[in-house]
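Descriptive analysis of the structure
Residues per chain, in single letters:
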Amino acid sequence: MKLPFKQPSQIALVVSVALGLSACGQQIKPVATAPAVDAKAAAEFVNDAEVKLEALSIEASRAEWIYSNFITEDTAALSAAMGEKTTSMSVQLATQAATFAGLKLDPVVARKLNSLRSSLILPAPLDPAKNAELAKISSELNGLYGKGKYCFASGECMTQTELSALMAESKDPQLLLEAWQGWRQIAKPMRSLFQREVELANEGARDLGFADLSELWRSQYDMKPQEFSNELDRLWGEIKPLYDSLHCYVRGELNEQYGDEVAPKTGPIPAHLLGNMWAQHWGTIYNSVAPKDADPGFDVTELLAKNGYDEVKMVKQAESFFTSLGFDALPETFWSRSLFVQPKDRDVVCHASAWDLDNQDDIRIKMCIQKTAEDFTVIHHELGHNFYQRAYKNQPYIFKGSANDGFHEAIGDTIALSITPKYLQQIGLLETVPDASKDIGLLLQQALNKIAFMPFGLMIDQWRWQVFNGQIKPEDYNKAWWDLREKYQGVKAPIERTEADFDPGAKYHVPGNVPYTRYFLAHVLQFQFHKALCDIAGDTGPVHRCSIYGNKEAGAKLNQMLEMGASKPWPEALEVVTGTQQMDAKAVLDYFAPLQTWLNEQNTQAQRQCGW
Ligand code: X8Z
Ligand code: ZN
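Keep in mind that this is a model prediction, so the values were computed, not measured. (Residues numbered from 1 in each chain as written. Chains lettered and ligands numbered in written order. Predicted model: local features only at pLDDT ≥ 70, side-chain atom pairs only at ≥ 80, totals over all residues. Heavy atoms only, no water.)

Looking at the UniProt feature "binding site: Zn(2+) 1" (unreviewed entry) in the chain
The sites that UniProt annotates as "binding site: Zn(2+) 1" (unreviewed entry) are His-381, His-385 and Glu-409. In terms of the greatest pairwise C-alpha distance, the residues named above, spread along 29 residues, form a tight cluster of at most 7.2 Å across. Side chain to side chain, His-385 and His-381 meet in a polar contact 3.2 Å long. Along the polypeptide, Glu-409 turns up in helix H16 (residues 405–416). The exposure class assigned to Glu-409 is buried, which follows from its relative accessible area of 1%. Polar side-chain contacts of Glu-409 include one of 2.9 Å to the side chain of His-381. (UniProt positions renumbered as here; feature names shortened; annotations may be inferred. Polar contact = N/O pair within 3.5 Å; in protein donor to acceptor, adjacent residues only side chain to side chain. Helix = DSSP H or I, 4+ residues; strand = E, 2+ residues; numbered from the N terminus. Buried < 20%, exposed > 50% of the residue type's maximum accessible area, 1.4 Å probe, protein only.)

A short note on the state of the cysteines
Under the criterion given, the structure shown has 4 disulfides. Note that Cys-248 is cross-linked by a disulfide to Cys-610, the S-S spacing being 2.0 Å. Residues Cys-248 and Cys-610 share a disulfide whose torsion about the S-S bond is about -80°; that sign makes it left-handed. Of this pair, Cys-248 sits in helix H10 (residues 225–258) while Cys-610 is found in the segment after helix H24 (593–605), placing the two residues 362 residues apart along the sequence. Judged by its relative accessible area of 43%, Cys-610 falls in the partly exposed class. Here Cys-350 is linked by a disulfide to Cys-368, with a sulfur-sulfur distance of 2.0 Å. Measuring the twist about the S-S bond at about -80°, one finds the Cys-350-Cys-368 disulfide to be left-handed. Pair noted here: Cys-350 is in the loop between helix H14 (332–337) and strand S4 (353–356) and Cys-368 is in the loop between strand S5 (363–366) and helix H15 (373–391), with a separation of 18 residues, a long-range link. On the basis of relative accessibility, which here comes to 13%, the residue Cys-350 falls in the buried class. Cysteine pairing in the chain follows 1-2, 3-8, 4-5, 6-7, where each cysteine in a disulfide is numbered by its order in the sequence. (Disulfide = S-S within 2.5 Å.)

Some points on helix H13 (residues 311–324)
Spanning 14 residues, H13 covers 20 Å between terminal C-alpha atoms, matching the ideal 20 Å at 1.5 Å per step. Within the span of H13, buried status applies to Glu-311, Met-314, Val-315, Gln-317, Ala-318, Glu-319, Phe-321, Phe-322 and Ser-324. Packing partners of the buried residues in H13 comprise helix H12 (300–306), H14, H15, H16, helix H17 (421–426) and helix H21 (552–563). A distance of 3.3 Å separates the backbone nitrogen of Val-312 from a side-chain oxygen at the start of H13, and that oxygen is part of Asp-310. One or two residues past the end of H13 sits Gly-326, with phi positive at roughly 110°. (Expected span 1.5 Å × (residues − 1). Contact = heavy atoms within 4.5 Å.)

Topic: the pattern of salt bridges
In total, this model carries 31 salt bridges according to the counting rule given. The salt bridge partner of Lys-136 is Glu-140, with a shortest N-O separation of 3.8 Å. With Lys-136 and Glu-140 both in helix H5 (residues 128–147), this residue pair falls 4 residues apart, about one helical turn. Relative accessible area serves as the criterion here: at 55%, Lys-136 is assigned to the exposed category. For Glu-140, a relative accessible area of 37% gives the class partly exposed. Residues Arg-337 and Asp-362 are paired through a salt bridge, measuring 2.9 Å at the closest nitrogen-oxygen approach. Remark: Asp-362 occurs in the loop between S4 and S5 and Arg-337 occurs in helix H14; sequence separation between them is 25 residues. (Salt bridge = Lys/Arg side-chain N within 4 Å of Asp/Glu carboxyl O.)

Observations regarding the environment of Gln-426
Secondary-structure assignment places Gln-426 in helix H17. Expressed as a C-alpha distance, the spacing of Gln-426 and Tyr-549, which sit 123 residues apart in the sequence, is 9.3 Å.

Details of the UniProt feature "active site" (unreviewed entry) in the chain
Per the UniProt record, "active site" (unreviewed entry) is found at Glu-382 and His-509. Take Glu-382: it is sitting in helix H15. Since its relative accessible area comes to 4%, Glu-382 is described here as buried. Residues within four places of Glu-382 in sequence aside, it is in contact with Ala-352, Ser-353, Ala-354, Ile-365 and Met-367. Discounting chain neighbours no more than four positions away, the residues touching His-509 are His-351, Arg-464, Val-514, Tyr-516 and Tyr-519.

Structure follows, in C-alpha cells:
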C-alpha cells in the first residue's frame, strides 16, 4: 500500500492516510511554513518528500496488513500508532506544499505539489493530541466493523460474509429482515466515534486551506470541486431513466413473488428483498426476476461447483485472463502471502482489498472468497488493482496511483465485462453458448449488478459530503441517510429506523473511510474502456457479447494507460484507451440498449406505474 497520496484501491492505504504518530514515540515537529523561495527549493522539497513517504509507506503497509489479518487490541494499537505517524508527516508535507503556490514551476513538480496538498483522505489537525485521537478513532471504527457479528435467537452467530451469503440465498422475508436488522446492530456504537472523526478531519482540512473535508475529497479530480459535483449530476441524469425502468420491472416482479404486504407495487422497494445486505447489487435475485423466454439457462456459481473450482483455482483463472492480454504472471509471493479463505480462528477484515506492500512486486489480495459468481467477478476486480499497481511501479512515488480513483476501481471490472458465455466456453466451464435470443437474460443479469449499483455508488458520498459540510447534522445522520437512499435508489428501510441507529456505519467504506464516488465513476468508465478495447480487438458484434480474452493489442493499450499511473491529469489517461477526454454514459446506455427497450415493453404490458 501507499501512503496518503493516492490510492485507494487498497483500503489500507486509506486507513493509513487517516492516522499518525512518530517513531520511538517522538513527536514529529511541525515544519516551518515560511513562504518557500524558489522553484529549485520546490523541486528539492518534492524529492525529499517522496523519499520520506516511500520509506514510511512500507512500514505503514505492514502494520495495516497485520492489523487487518489479525484484529486484536495490540494490532489495533500498532495500526493507530503507525497511522498517527503517517498522517502527521503527510499533513506537514501538505502544509508545506501549499507554500509554493504562486511560483512558476516545472509542471511535474507542480503536479506533485498539488497531489501532496490535496490527496489526504482523513487529514488530522496539526495539534498532536488531536492527531492521536483521530488515529485511534479511525482504527477503532475499522475494528468494530471487522469484528462485527450478529447472533440469532437460536444462538448461532454470523459474520458479515455469512450474513451476506444468507441475504443472497434466502427468499424468506422474515429471515431476510432479521439478517438485515441484525447486521446493523454492529454500527450503533460507531455513531459518536464517527461524529468526532468528522469534527477532527474537518479541522484538518481547514488547516490545509480547504473549506471542509467535502471540498478536499472533491478536489482530487483535476477540476474544481463544484465542476466535479456537476459532472456527477450530468452522468447520473443520463443513466437514471434506465435505472428507473429496471427499478420498475424488479419491483413488479418482487410484488408478484412476495405479495402486497411484503413488496408493495408502488413506492420505494423494501431494502431487504434485493439479495444484498445493502441493496447495492441485485444480481443474486436474478432467478426471481428472470425473463421466462430469454433465460440463458446457466448459472456461473453452479458451473464453478460442477467444475471443482476452489478459491485458489478461481484466482488462478482470473490471473490467466490478465496473462492472456500480455501481462506478466503474478509473483510467487502473491500466492504465498495473500488471504483467500476466511480463517476460523481469528477476526479479520473480510471486505475484499488489494495491496501493494513494497510499491514494487509484493502485491497481494485479502478476501474471504465465497465460491460464487459474484465473488468470481470480485476476484477480477481485486486483481485489476494489483495489475495496475504493478504497471505503475516505475513511476515516482507520488505518481504511483491511478489517473483518478475511479480508474483504479474500473480496471478489474473492465476485464470482468469480458466474462461472456463465449469466454466461459473457451475456458471449459460452459458447453454451449446460448444463442442471441437469450441476450435479454444475460443483459438483465448484468444490469441487476451494474445499473442497480449506480445510484448506490453515488448516494454514499452525497451523504458524507453533506455530513462534512454541515448540511447534515449529527442528530439527523440516519434520517438523512434514508432520505438519500430513497431519493437515489428508490429503496426504503423494511422497518422503522431512528437516530439510535447508525445505518451508514454498517457499510464498510464509512467506518473504513474509503471514498465511494470512485465506484460510481468506475461503473461509467468500465463501459467506456470495454467498448474501446473491443474496438481495438476488432470485435464487430454487439458489445455485450465481446470478450477481449487473449487479445494482446487490447492488453498493450490498456497497459499503456496503466503505466502512466497518476503522472498526467485523468482526461489524458482516458484518452489513451478511449480516444476521448470525457467521461460519458453513452457507452453504458449503448451496452444496455436492447434491455432498455425490453424493460419498457414489459413495464407497459404489465401496466406498471413506475417511479416512487
Ligand atoms: O469495495 C469494493 C471492492 C474493494 S475496492 C470489493 N467494492 C465496492 C463495495 O463492495 O461496496 C467493489 C464494488 C463496490
Ligand atoms: Zn476496488
